[in-house]
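Inside the fold
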Amino acid sequence: MSDDWRGELIDRLRTLIVQAAPEVVEEVKWRKPSNPDGVPTFSLEGLVCTVETYKDKVKVTFAKGASVDDPSGVFNASLDAGTRRAVDIPAPDALDEEAFVELVRRAVDLNRA
């Protein structure tokens, strides 16, 4: 995991996801030589989201994001994808945390429906 702002942001995202859905289960999947830390995944009655680190951003991809109501406009990536939607976070302070927590809650509600 990154030792810079991206690693700190992932820790903050983890806290926000658990705040939104305390029963969520975190697992690390898809470990490979080019990504030995793997990809953190968060599930609750199905996959909710994944968190990936890139050189210039952190990306949170919601598995069923296309079906999640996003009145605050948090989604800003993969907007044309058929199933998923994502949030690209290019800086440590570039996220509306309250709206993100609500988005996670909506994604969990969709899994439970």
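The structure reproduced in this document is the subject of the present report.

Analysis parameters
Residues numbered from 1 in each chain as written. Predicted model: local features only at pLDDT ≥ 70, side-chain atom pairs only at ≥ 80, totals over all residues. Heavy atoms only, no water. Helix = DSSP H or I, 4+ residues; strand = E, 2+ residues; numbered from the N terminus. Contact = heavy atoms within 4.5 Å. Buried < 20%, exposed > 50% of the residue type's maximum accessible area, 1.4 Å probe, protein only. Phe/Tyr/Trp six-rings, centres within 6.5 Å; stacked < 30°, edge-to-face > 60°. Pairing = 2+ DSSP bridges. Axes fitted to C-alpha atoms, helices over the stretch in contact; angles between N-to-C directions. Salt bridge = Lys/Arg side-chain N within 4 Å of Asp/Glu carboxyl O.

Below, the discussion takes up the environment of Ala77. Examined against the element boundaries, Ala77 turns out to sit in the loop between β4 (58–62) and β5 (85–89). Separated by 21 residues in the primary sequence, Ala77 and Glu98 have C-alpha atoms spaced 19 Å apart. Aside from chain neighbours lying at most four places away, what touches Ala77 is Lys59, Arg85, Ala86 and Asp88.

A few words now on the environment of Thr53. Checked against the element boundaries, Thr53 lands in strand β3 (residues 47–53). Looking at Thr53, the relative accessible area reads 35%, which means it is partly exposed. C-alpha separation for the pair Thr53 and Gly38, spaced 15 residues apart in sequence, amounts to 9.9 Å.

This paragraph deals with the packing of aromatic side chains. Under the criterion given, the structure shown has two aromatic pairs. With centroids separated by 5.4 Å and ring planes inclined at 80 degrees, the aromatic side chains of Phe62 and Phe75 adopt a geometry described as edge-to-face. Of this pair, Phe62 sits in strand β4 while Phe75 sits in the loop between β4 and β5; the two residues are 13 residues apart in sequence, bridging distant segments of the chain. Across this residue pair, the class does not change: Phe62 and Phe75 are buried. The interplanar angle of 70 degrees and the centroid separation of 6.1 Å between the aromatic rings of Phe62 and Phe100 together place this pair among those described as edge-to-face. Of the two residues, Phe62 is situated in strand β4 and Phe100 in helix α2 (residues 97–112); the sequence distance between them amounts to 38 residues. For Phe62, a relative accessible area of 0% gives the class buried. You can call Phe100 buried: its relative accessible area is 0%.

Glancing now at the sheet that holds strand β1 (residues 25–29). Taken in spatial order, the five strands of this open sheet run β1-β2-β3-β4-β5, and their pairing is antiparallel. In the strand order of this sheet, the two ends are held by β1 and β5, each with one partner. Adjacent strand axes in the sheet meet at a mean angle of 20 degrees, parallel and antiparallel pairs treated alike. Looking at chain direction, β3 and β4 are connected through five bridges and run antiparallel. The residue bridging Thr50 from the neighbouring strand is Thr61, located in β4.

Within this structure, the stated rule accounts for 10 salt bridges. The partner of Arg14 in a salt bridge is Glu26, with the nearest N and O atoms 2.8 Å apart. With Arg14 in helix α1 (residues 5–20) and Glu26 in strand β1, this pair connects stretches of sequence that are 12 residues apart. A residue is classified by how much of its surface remains accessible, and Arg14, at 21% relative accessible area, is partly exposed. Notably, a salt bridge pairs Arg112 with Glu23, separated by 3.1 Å at the nearest N-O pair. Of this pair, Arg112 sits in helix α2 while Glu23 sits in the loop between α1 and β1, and the two are 89 residues apart along the sequence. If you follow the salt bridges from partner to partner, you end up with Asp11, Arg14 and Glu26 in one network.

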